[in-house]
Amino acid sequence: MTNRLNLPDTASIADKGEGDKLIAPSAARNCDAICDLLAHVAPDKGRALEIASGTGQHVVAFAARFPGMHWQPSDPDPARRASIDAYAAESGSGNIAAAIDLDASRPGWGAELAGQDLITLCNLLHLIPMDWVEVLIKEAAQALAPGGRLVIYGPFMRAGELTSEGDEAFHASLTAQDPRIGYKDDFDVIDLIQAAGLELSEVVEMPANNLALIAEKPVL
């Protein structure tokens, strides 16, 4: 996000790799599971936007797995965008655009990036305030084409409860740093999805106690 937050080191770990590349161990761990999830919801072809692409490890895997999709990675951090572009160049994929500087908490970006058939968002909501989440979901709904799908992946509270000791510790470390951030409740996010005019199509339990929320923009 453009409005910077001070996050604990455990929030978004990325090690220095070769050249401009950064390496996030969590991205390496969850990439296959997210690709398998997208295999059930991604269209065969079209435009896909990844919000907060991070290091770029995900988007190169997505582009290889779904070659009919044209992928637009994004991140507000210049070092992350450089890493994304380095991974994309190394992959040789012709279906990855240059990373763009996108502050997904900024009102108005949805109209600027309208016509997306798929929008993915991984491991971000617990790192931003709830009012930013509301703007992000509203704008994502605006950016989707009719029939397009939004996929949100990450850790959540379940009906207001943290369901593992690891989640309790991580949530506490986040809120200690900034009380505006931390795990979001799954029901609260679903309410925002529906308020934005999207239809929740599926809730999927993912490895490591994560959750995926899949929503679709109605075809009018």
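Residues numbered from 1 in each chain as written. Predicted model: local features only at pLDDT ≥ 70, side-chain atom pairs only at ≥ 80, totals over all residues. Heavy atoms only, no water.

## Notes on the overall build of the protein
Counted only if it meets this: A run of H or I in DSSP becomes a helix once it reaches four residues, and a run of E becomes a strand once it reaches two; helices and strands are each numbered from the N terminus. Throughout, the radius of gyration refers to the C-alpha atoms, and the reference size of a globule is 2.2 Å times the residue count to the power 0.38. Only protein chains enter the accessibility calculation, which uses a 1.4 Å probe. A residue is then buried if its area is under 20% of the maximum for its type, exposed if over 50%, and partly exposed in between. Here, two residues are considered to be in contact whenever any of their heavy atoms come within 4.5 Å of each other. Only the protein chains shown count as cover for residues, and all accessible areas are computed by the Shrake-Rupley method using a 1.4 Å probe. When charges are counted, Lys and Arg contribute as positive and Asp and Glu as negative, whereas His and the chain ends are disregarded. Here the site of a charge means atom NZ of a Lys, CZ of an Arg, CG of an Asp or CD of a Glu.
Secondary structure assignment for the protein yields 7 helices and 8 strands. Its C-alpha atoms give the protein a radius of gyration of 16 Å, near enough to 17 Å, the size a compact globule of 220 residues would have. Projected onto the principal axes, the alpha-carbon positions of the protein cover approximately 45 × 40 × 30 Å. Looking at the protein residue by residue over its 220 residues, the buried ones come to 52%. Expressed as a percentage of contacts within the protein between residues at least 6 apart in sequence, the contacts between residues at least 24 apart total 75%. Split by element, the accessible area of the protein, about 9,800 Å² in all, is 51% carbon and sulfur. Within the protein, one finds 16 positive and 32 negative side-chain charges whose respective centroids are separated by 6 Å.

## Digging into the packing of helix H5 (residues 130-143) against helix H7 (residues 186-195)
In helix packing, the relevant descriptors are the interaxial angle and the interaxial distance, both defined with respect to the helix axes. Rules: For every element, the axis is a line fit to its C-alpha atoms; helices are fit only across the contacting stretch, and the angle between N-to-C directions ranges from 0 to 180 degrees. Should the near helix be turned anticlockwise from the far one by less than a right angle, the crossing is termed left-handed; should it be turned clockwise, right-handed.
Interhelical geometry of H5 versus H7 gives an angle of 35 degrees and a closest axis separation of 9 Å. H5 and H7 meet at a crossing whose hand is right-handed. Together, Met-130, Val-133, Glu-134 and Ile-137 of H5 and Asp-188, Val-189, Leu-192 and Ile-193 of H7 make up the contact between the two elements.

## Quick word on the side chain of Asn-95
Condition: The term polar contact refers here to a pair of N or O atoms within 3.5 Å; inside protein, the definition further demands a hydrogen-donor-capable atom paired with an acceptor-capable atom, and it admits residues adjacent in sequence only when both atoms are side-chain atoms.
Within the fold, Asn-95 resides in the loop between helix H3 (78-91) and helix H4 (109-112). What makes Asn-95 buried here is its relative accessible area of 10%. A polar atom in the side chain of Asn-95 sits 3.0 Å from the backbone oxygen of Met-69. The residues touching Asn-95, leaving out its near neighbours within four places in the chain, are Ala-63, Phe-66, Pro-67, Met-69, His-70 and Trp-71.

## A look at helix H1 (residues 25-41)
This is how it is decided: A helix is expected to reach a length of 1.5 Å times the quantity of its residues less one. Each residue is assigned a bend, namely the angle between axes fitted to the seven residues that terminate at it and the seven residues that start at it.
If you check H1, its first and last C-alpha atoms are 25 Å apart, about what 17 residues at 1.5 Å a residue would give, namely 24 Å. Approximately 45 degrees is the largest bend angle found in H1, and it occurs at Cys-31. Residues of H1 that are buried sit in contact with helix H2 (57-65), strand S4 (69-73), strand S5 (116-122), strand S6 (144-154), strand S7 (199-206) and strand S8 (210-216).

## Here's the deal with H5
Here H5 contains 14 residues, and its C-alpha end-to-end distance of 20 Å stays within 8% of the 20 Å for a straight helix at 1.5 Å per residue. Contact partners of the buried residues in H5: strand S3 (46-51), H4, S5, S6 and H7.

## What about the pattern of salt bridges?
Here is the rule we go by: Each reported salt bridge corresponds to a side-chain nitrogen of Lys or Arg within 4 Å of a carboxyl oxygen of Asp or Glu.
Going through the model one piece at a time under the given rule, you end up with 8 salt bridges. Two residues, Asp-101 and Arg-81, come together in a salt bridge whose shortest N-O distance is 3.6 Å. Here the residue Asp-101 occupies a position in the loop between H3 and H4, and Arg-81 occupies one in helix H3, the gap between them amounting to 20 residues. Where Glu-112 meets Arg-106, a salt bridge forms, and the shortest distance between an N and an O atom there is 2.9 Å.

## Things to note about the nonpolar core
Stated precisely, the cut-off is as follows: Here, nonpolar core refers to any group of buried Ala, Val, Leu, Ile, Met, Phe, Trp, Tyr and Cys residues whose side-chain atoms link them within 4.5 Å.
Grouped together as the largest cluster of nonpolar side chains are 31 residues, with contacts concentrated most on Ile-51, Trp-109 and Ile-152. For this core, the elements supplying multiple residues, two or more each, are S3, S5, H5, S6, H7 and S8. When residues of this core are assigned to their parent elements, the largest contribution, 7 residues, is made by H5. Setting aside its immediate chain neighbours within four residues, Ile-152 contacts Leu-121, Leu-125, Ile-137, Val-189, Ile-193, Leu-211, Ala-212 and Leu-213. Membership of the second largest hydrophobic core comes to 29 residues, among which are Ala-42, Val-60, Tyr-153 and Met-206.

## Quick word on the environment of Pro-155
Residue position: Pro-155 is located in the loop between S6 and helix H6 (165-177). Spatially, the C-alpha atom of Pro-155 lies 9.4 Å from that of Cys-122, the residues being 33 residues apart in sequence. For Pro-155, the residues in contact, after removing those within four places along its chain, are Asn-123, His-126, Tyr-183 and Asn-210.

## Concerning the side chain of Ser-105
Along the chain, Ser-105 turns up in the loop between H3 and H4. Side-chain polar atoms of Ser-105 contact the side chain of Asp-103, separated by 2.6 Å.

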